Amino acid sequence: MRRSAAPSQLQGNSFKKPKFIPPGRSNSCLNEEITQLNPDIKLFEGAANNNTFLQSQNDPRICSLNLSTEESTREINKRDNCSGKYCFEACARATLNSPHTVHSPPKEITLSKGQEEESDSLVKYFSVVWCKASKKKHKKWEGDAVLIVKGMSFTLKDLEGKDIGKGIGYKFKEFEKIEVGQTLMICGKEIEVMGIISPEDFSSGRCFQLGGGSPAISNSSQALRKCFSNPFKRVCKPGSKENRQNDFQSCKPRHDPYTPNSLVMPRPDKNHQWMFNKTCFPLVDVVIDPHLVCHLRPHQKEGIIFLYECVMGMRMNGRCGAILADEMGLGKTLQCISLIWTLQYQGPYGGKPVIKKTLIVTPGSLVNNWRKEFQKWLGNERIKVFTVDQDHKVEEFIKSTLYSVLIISYEMLLRSLDQIKTIKFDLLICDEGHRLKNSSIKTTAALISLSCEKRIILTGTPIQNDLQEFFALIDFVNPGILGPLSSYRKIYEEPIILSREPSAPEEEKELGERRAAELTRLTGLFILRRTQEVINKYLPPKIDNVVFCRPGALQIELYRKLLNSQVVRFCLQGLLENSPHLICIGALKKLCNHPCLLFNSIKEKECSSDRDENEERSLYEVLLNVFPADYNPLLVTEKESGKLQVLSKLLAVIHELRPTEKVVLVSNYTKTLDILQEVCKRHGYAYKRLDGQTPVSQRQQIVEGFNSKYSTDFIFLLSSKAGGVGLNLIGGSHLILYDIDWNPATDIQAMSRVWRDGQKHPVHIYRLLTTGTIEEKIYQRQISKQGLSEAVVDLTKTSEHIQFSVEELKNVFTLHENSQCVTHDLLDCECIGEKDHTGDSLEKFVVSRHCQLGPHHQKSNSLKPLSMSQLKQWKHFSGDNFNLPDPFLERIRENVSFFFQNITNQASAI
Ligand SMILES: Nc1ncnc2c1ncn2[C@@H]1O[C@H](COP(=O)(O)OP(=O)(O)OP(=O)(O)O)[C@@H](O)[C@H]1O
Ligand SMILES: [Mg+2]
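Residues numbered from 1 in each chain as written. Chains lettered and ligands numbered in written order. Predicted model: local features only at pLDDT ≥ 70, side-chain atom pairs only at ≥ 80, totals over all residues. Heavy atoms only, no water.

- The chain has the name DNA repair and recombination protein RAD54B in an unreviewed UniProt entry, where Carlito syrichta is given as its organism.
- Here is the UniProt Function (unreviewed entry) comment for the chain, exactly as written: "Involved in DNA repair and mitotic recombination. May play an active role in recombination processes in concert with other members of the RAD52 epistasis group."
- As its UniProt record puts it under Sequence similarities (unreviewed entry), the chain is described as follows: "Belongs to the SNF2/RAD54 helicase family." (UniProt positions renumbered as here; feature names shortened; annotations may be inferred.)

1. Digging into the sheet that holds strand β17 (residues 663–667)
- Strand order in this open sheet of eight strands is β18-β19-β17-β20-β21-β16-β23-β22, and the pairing throughout is mixed. In this open sheet, the two strands that pair with only one neighbour each are β18 (687–690) and β22 (875–878). Each strand axis lies, on average, 15° off the axis of its neighbour in the sheet, ignoring direction.
- Where strand β16 (residues 542–549) meets strand β23 (residues 896–904), eight bridges bridge the pair, whose relative direction is antiparallel. By the bridge assignment, F548 is partnered in β23 with F898.
- Across the sheet, helix α35 (residues 696–707) is in contact with β17, β18 and β19 (715–719); its angle to β18 comes to roughly 150°. (Pairing = 2+ DSSP bridges. Helix = DSSP H or I, 4+ residues; strand = E, 2+ residues; numbered from the N terminus. Axes fitted to C-alpha atoms, helices over the stretch in contact; angles between N-to-C directions. Contact = heavy atoms within 4.5 Å.)

2. Focus: the pairing of strand β5 (residues 153–158)
- Buried residues dominate β5, accounting for six of its six residues.
- Side chains of β5 alternate between two faces, with S153, T155 and K157 and F154, L156 and D158 buried alike.
- Where strand β4 (residues 143–150) meets β5, six bridges bridge the pair, whose relative direction is antiparallel. By the bridge assignment for β5, L147 is matched with L156.
- With antiparallel pairing between neighbouring strands as the criterion, β4 and β5 make up a hairpin whose turn holds two residues, including G151 at a positive phi of roughly 60°.
- Pairing geometry for β5 and strand β6 (residues 163–167), over four bridges, is antiparallel. Note on β6: the bridge partner recorded for T155 is K166.
- Linkage of β5 to β6, two consecutive antiparallel strands, is achieved through a turn of four residues, within which G161 is found at a positive phi near 90°. (Buried < 20%, exposed > 50% of the residue type's maximum accessible area, 1.4 Å probe, protein only.)

3. Considering the side chain of T333
- Structurally, the position occupied by T333 is in helix α18 (residues 332–345).
- With relative accessibility at 16%, the residue T333 sits in the buried group.

Spelled out as structure tokens, the structure:
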């Protein structure tokens, strides 16, 4: 009856047929056909097998590095053991890396009539094709669908997960014995049952992918079609056996794969060879340069293999994208440099290089850091890298044949997009690539428009907290892998989000969890994230301190006045039009940093002609009266700010006790940095400064100047928003976070700048908070579960994105004048600031952080904001405690009401 087929029929429905079928061919006798048309394949396979192929695959040196290497070995062995068309099917499945089989034993879901009548909740699933009911002889199937039969009702869903038919009250008989091949008329649609879907395939969502089974992999995605198109077009030209053997002998690995500690990449399997080695070059081991290997950490070796497998399309057929999401400081740069250096001169087929040109796009402040890292690991001669800046334009790169790597900032990329598009890049690396999470922004669109297939995103920031952003990143590296956004929403996002609702029924929860697990499984093939713990053992101890500083008298007076203002009262009545609460929050934060910042804002507002902002104006008028008539903001009096007083003492004690050590001083605000700079000048401390105004071309020079052991600088003033990401500031071993951000990710990024590979001294991190004020509230929000919503784990989100309830605002707009530490009060700790919880260290506690992908994704715990209960395990003591074990804290105690402290890698830490 069928004349035209639904998509699944065109590719071969996986529930009925073997899954891997190159388009245009029927699956039967596939291998025989190949052998007939292409005798060289056999010859080649034999040659490969006789050579180092299996030896290297079985080489324990390689296997010990990575599970995936072991897996691929197993896959290859499996393939070698099978033959004929079933072998082919198995190969395809093994490459897809899917632990699941599609065929499900009918008995699992076929129930006896009695049983089914008893339980209305038993559900059956079928893959079907459908068309509108008509009397025409020649039917035209309109699409594939999934039929869900539950008791006497059914739902028909298209492959995007949308309901296209629903019915209840059907005669039970009609659904009793649905069989493959049967046609049914339901809801005005004619359907033909193509296969049975197991409950597992339904709940994981795999059945919604064309071709079933391993969804996007066997799916007819663009990339795949490209690879599979006309497979016999460029097959090996028959050559004499001798020629081939000569070829074989002349192709040697660039480095000896058998020297001890060599790092050899996994060999492509036969399926890969069949697709990508049409000219039948001999297989050659790809070996990482021993010069690099001797520096690599174990996780970096594993990461290089991962990246190699991804970009070579060995993890997923024809998919060449990867996301390396290692936490900050794990050396993502070195892993990429090793990959580039390897692929540029080596390849598995005849040793031919896989790539010629690489494009690295990175935030402006890291352009020169990349160049520097290339120099550090490969010297100046091996690879010529070209960095684009004001004086070095893309044209130069185009004209010269010298350079193979182009490093450019995201901003410059937009400006030079037309030229960039004329260059054929074989590998694209997007550093700090979480910024591509929004596919509608210009940068993402520009990068998508580049034709390069091998794409790598590097990011140290968690990426799974927002499912839509997650989709954008995935879709960037492996376009189409999750289908169109609309079906992704229906199949994954909606069920997952619904299942997270506390009131979700059990059934919904289960479905959501399964979909999340499937999404994790699928994307896990090309996402790698390791946590900081993997390098802890190479790093010196780290002492984290949270220091609660008593506010100054002027601060308290202004604070009270502000909280009693009309604007705050309006906010607390829920009148939040024009966001007056944000003005108040802004004013309180400035006040905590230094009253002079607030004074300056008031004066600026006075001068501005903007008449609309009544709330702000009236608020400021009230406050101005609190300042002394002769107040001079330029004096930046230290005692006016609790934190500044503590900072000034802290710098003095570090300078005195550790004269050779340096300090990174971080703020989110340029104007606060101006104050801190003033303090440096006043005390004669040599400093460097990097903020949003610093020209990109100068940034690396400033960083290097500070890191140099010959540098006389004592302080590095850093604006975390402008330059926090990616920088290496290992010259400093003390880092002071002067203010706190709503977004814990911003603070974590900043705090990760000094405790990283290359750091020689124990690292001291000081987070300064003004006692009893909004800063404590922000901190509590950061560390309490409620505060860890997706709104704040994203680097680009600020307080404007945070929704406050009136209740929350009441809390934010309260000053706790009589508490030494509100945060400690909230911990329900029985101590009175004298107890020292030395036994437990932070590392022992698992932090849970809101992650939309659910529990399956909550593996890591190192760089997450800690929780209240963990904080309780930190050592803590009030400033009145006389036996402080820390010489630095001891000297600043006078202005400090409370401390928390935790030591990681405890040895001779202080
Ligand atoms: N194997 C290694 N041995 C010594 N130093 C290393 C090693 N790997 C990386 N490093 C150094 O560690 C520092 C951090 O590396 P890198 O900047 O690549 O981190 P990252 O993973 O990109 O972190 P972020 O997410 O903060 O950008 C660099 O100075 C780098 O040279
Ligand atoms: Mg980096």
